[in-house]
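# Understanding the architecture of this molecule
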Amino acid sequence: MADNVFALVDCNAFYVSCERVFRPDLESRPVVILSNNDGCVVARSDEARACGVPMGEPIGQVRHLIRRHGIVVFSSNYALYADMSSRVMATLSLFADALEVYSIDEAFLRFPCRHGGAAALGDRIRRTVLRDTGIPVSVGFGPTKTLAKLANRCARLRLDGSACVLDPATGGVSVDRLLEETPVEAVWGIGRQHARRLRRAGICTARLFRDAPDGWLRETCTVVGLRLAHELRGRSCLSLETCPPAKREICSSRAFGRPVHERSVLAEAVATYTGRAAVKLRRQQSRAAVVSVMIESDAFRAGPQYRRTSTRRLPVPTADTGVLLAHAVACLDAIYRGGITYRRATVMLSEISSAAHVQPDFFAPHDHQCSRRLMAAVDAINGRFGADTVRYAGSGLERAWTMRRRRLSPRYTTVWRDLPQVRA
DNA sequence: TCTGGGGTCCTAGGACCC
DNA sequence: TCTGGGGTCCTAGGACCC
């Protein structure tokens, strides 16, 4: 008998739903959301799916469908989605003490024990989130996280949107039957490679996977696969992570909106990405000891490719954007070569440690107090008036290289964006 | 005309030490 | 003439997630 019940709450077509909250006229119309640089489809409404738009497809491949069906297209508006996500999570936190924010549009909730009212609770969650945030969600319950995930998938397929409870003891859906009807690749944690290997071995359903011998599972899908099978058997192996562990590496990487050749332009991008990574670093109260910069040519274009990484170790771990920036630009100078068409730059911060345990370097004097207060002030201003309101001049003014977002919706929930920008 | 970004975990294999 | 074995650390690469 399991001690806990897990619920997985998943926002339906989350990015589309966010846009619809502020554009009710889009209800029941086909809508798709594009990735950064307006590259490919990362979210679609049910109507767009019915038009035959596949997930992850490059926009160019579905342009004819967009025209034919009058599909409404948006660039990704992450500022809006992140804000809506925090509203949804805040609402969910009213229902359970133990909540794990699993992704921008999903959360696991844990309830202390099995009880008969799960279906009703699920429907209350759905109604409340919809009423308070405008976002429709699906809810699945199960004795383990993997089963809750599966139940959620089942709920999403239901026409009335009601919650799915995987718990035979209380008259819910039969676990065996659901597992039998679920293709093995639909199990959370089984990707393309493992699915192919499993199918070759005749394991085509979640039920056959669950009932496979432990030794064989371990051999075929490593301990990760074995753990999943245990979870499907109802033995909880994946615990709820209520406070996310600090990231061990932080990365900011983006393709440019247009081809880039000049060192000065790359330097602007590297400075911008370093600034973003540093914000993430400070947000989790950490310092980094290593900075890496990678620049690369366009892998999708024919011809010789260029890709180089340069890494520098800092004398003292820091979260000071200015210090990180100086090292990042030095990295860039070590690998920049003229005559190449660059398409992407990446800045990575690693060997991350807690800000509480930094040992200052006696021989490299640096005013930590001053740096900390400056960064705190910058973060406070940007938190209030929008990211990049105050930034290092090195990150550029015009920034013609930034990603394409031709179909960006307004920033409905962050009103200060249009204030004049200030340079640090 | 295009083809995203940001993570984690696991394993294998090499280097190195005692 | 013989060329062990166990342990740790690091890195690269694979696989997976949303």
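Look above for the structure.
Keep in mind that this is a model prediction, so the values were computed, not measured.

The rules behind the values
- Residues numbered from 1 in each chain as written.
- Chains lettered and ligands numbered in written order.
- Predicted model: local features only at pLDDT ≥ 70, side-chain atom pairs only at ≥ 80, totals over all residues.
- Heavy atoms only, no water.
- Near = heavy atom within 4 Å.
- Polar contact = N/O pair within 3.5 Å; in protein donor to acceptor, adjacent residues only side chain to side chain.
- Helix = DSSP H or I, 4+ residues; strand = E, 2+ residues; numbered from the N terminus.
- Nonpolar A, V, L, I, M, F, W, Y, C, P; charged D, E, K, R; others polar.
- Pairing = 2+ DSSP bridges.
- Axes fitted to C-alpha atoms, helices over the stretch in contact; angles between N-to-C directions.
- Contact = heavy atoms within 4.5 Å.
- 1 Å grid on protein atoms, 1.4 Å probe; cavity = no way out; pocket = protein on both sides within 12 Å on 5 of 7 lines; lining within 4 Å.
- Points joined across faces, edges and corners; volume = space filled by probe spheres on them.
- Phe/Tyr/Trp six-rings, centres within 6.5 Å; stacked < 30°, edge-to-face > 60°.
- Buried < 20%, exposed > 50% of the residue type's maximum accessible area, 1.4 Å probe, protein only.
- Lys NZ or Arg CZ within 6 Å of the ring centre and 35° of its normal.

Another point: the protein's contact with DNA strand C. In the region of DNA strand C, 14 residues are neighbours, and Ser-103, Lys-149, Gly-189, Gly-191 and His-194 sit closest. Put simply, 100% of the atoms of DNA strand C that lie within 4 Å of the protein are in sugar or phosphate. Here a sugar or linking oxygen of DNA strand C and a side-chain polar atom of Ser-103 are 2.9 Å apart. Between DNA strand C and Gly-191 there is a distance of 2.9 Å, counted from a phosphate oxygen to a backbone nitrogen or oxygen. Broken down by secondary-structure element, the contributors of at least two residues to the surface near DNA strand C are β5 (98–103) and α8 (192–200). Top element by residues in the surface near DNA strand C is α8. It accounts for 4 residues. Looking at the surface near DNA strand C residue by residue, the classes come out as 4 nonpolar, 5 polar and 5 charged.

Glancing now at the sheet that holds strand β2 (residues 31–34). Spatially, 3 strands are ordered β3-β2-β4 in an open sheet, and the strand pairing comes out mixed. If you trace the sheet from one side to the other, it starts and ends with β3 (41–44) and β4 (72–74), each paired once. The mean angle between the axes of side-by-side strands here comes to 25°, regardless of whether they run parallel or antiparallel. In this structure, β2 lies alongside β4, joined through 3 bridges in parallel fashion. Paired with Ile-33 across the strands is Phe-74, a residue of β4. Sheet strands in contact with helix α1 (residues 14–22) are β2, β3 and β4, and its direction is about 115° off that of β2.

This part takes up the layout of surface pockets. By volume, the second largest pocket is sized at about 1300 Å³. Taken together, 36 residues form the lining of the second largest pocket, with Cys-11, Asn-12, Ala-13, Asp-46 and Arg-156 sitting closest to its centre. Mapped onto the lining of the second largest pocket, the elements with two or more residues apiece are β1 (5–11), α1, β3, α2 (46–50), α5 (118–133), β7 (137–142) and α6 (145–157). Examining the composition of the lining of the second largest pocket, we find that 5 residues originate from one element, α1, more than from any other. Classifying every residue of the lining of the second largest pocket by side-chain character gives 15 nonpolar, 6 polar and 15 charged.

Neighbouring residues of DNA strand B: 26 residues in total, closest Cys-251, Ser-253, Arg-254, Ala-255 and Arg-344. Take the atoms of DNA strand B that sit within 4 Å of the protein: sugar and phosphate atoms are 78% of them. In this structure, a phosphate oxygen belonging to DNA strand B sits 2.6 Å away from a main-chain N or O atom of Ala-255. The separation between a phosphate oxygen of DNA strand B and a polar side-chain atom of Arg-343 is 3.4 Å. Per-element accounting of the surface near DNA strand B gives the leading share, 6 residues, to strand β9 (residues 250–260).

Both the distance between ring centres and the angle between the ring planes are used here to describe each pair of aromatic rings. The full count for this structure, using the stated rule, is 13 aromatic pairs. With centroids separated by 6.1 Å and ring planes inclined at 80°, the aromatic side chains of Tyr-306 and Tyr-342 adopt a geometry described as edge-to-face. A residue pair is termed long-range when its members are at least 10 positions apart, and Tyr-306 in the loop between β10 (286–297) and β11 (307–318) and Tyr-342 in strand β12 (residues 342–354) qualify at 36 residues. Both residues of the pair, Tyr-306 and Tyr-342, count as buried. Members of the aromatic cluster, each reached through a chain of ring pairs, are Phe-14, Tyr-15, Tyr-78 and Tyr-81. Just above the ring of Phe-108 sits the side chain of Lys-145; from NZ or CZ to the centre is 4.8 Å.

As a further point, take the sheet that holds β9. Pairing is antiparallel in the open sheet, where 4 strands are placed in the order β9-β12-β10-β11. Two strands bound the open sheet, and with one partner strand each, they are β9 and β11. Neighbour-to-neighbour, the strand axes of this sheet turn through a mean angle of 15°, independent of strand direction. Summarising the sheet, β9 and β12 pair through 7 bridges and their orientation is antiparallel. Within β12, the residue paired with Ile-250 across the bridge is Leu-349. Sheet strands touched by helix α11 (residues 263–283): β9, β10, β11 and β12. Its angle to β9, the strand with the most contacts, is close to 155°. Against the sheet, helix α12 (residues 321–335) engages β10, β11 and β12, with an angle of about 150° to β11.

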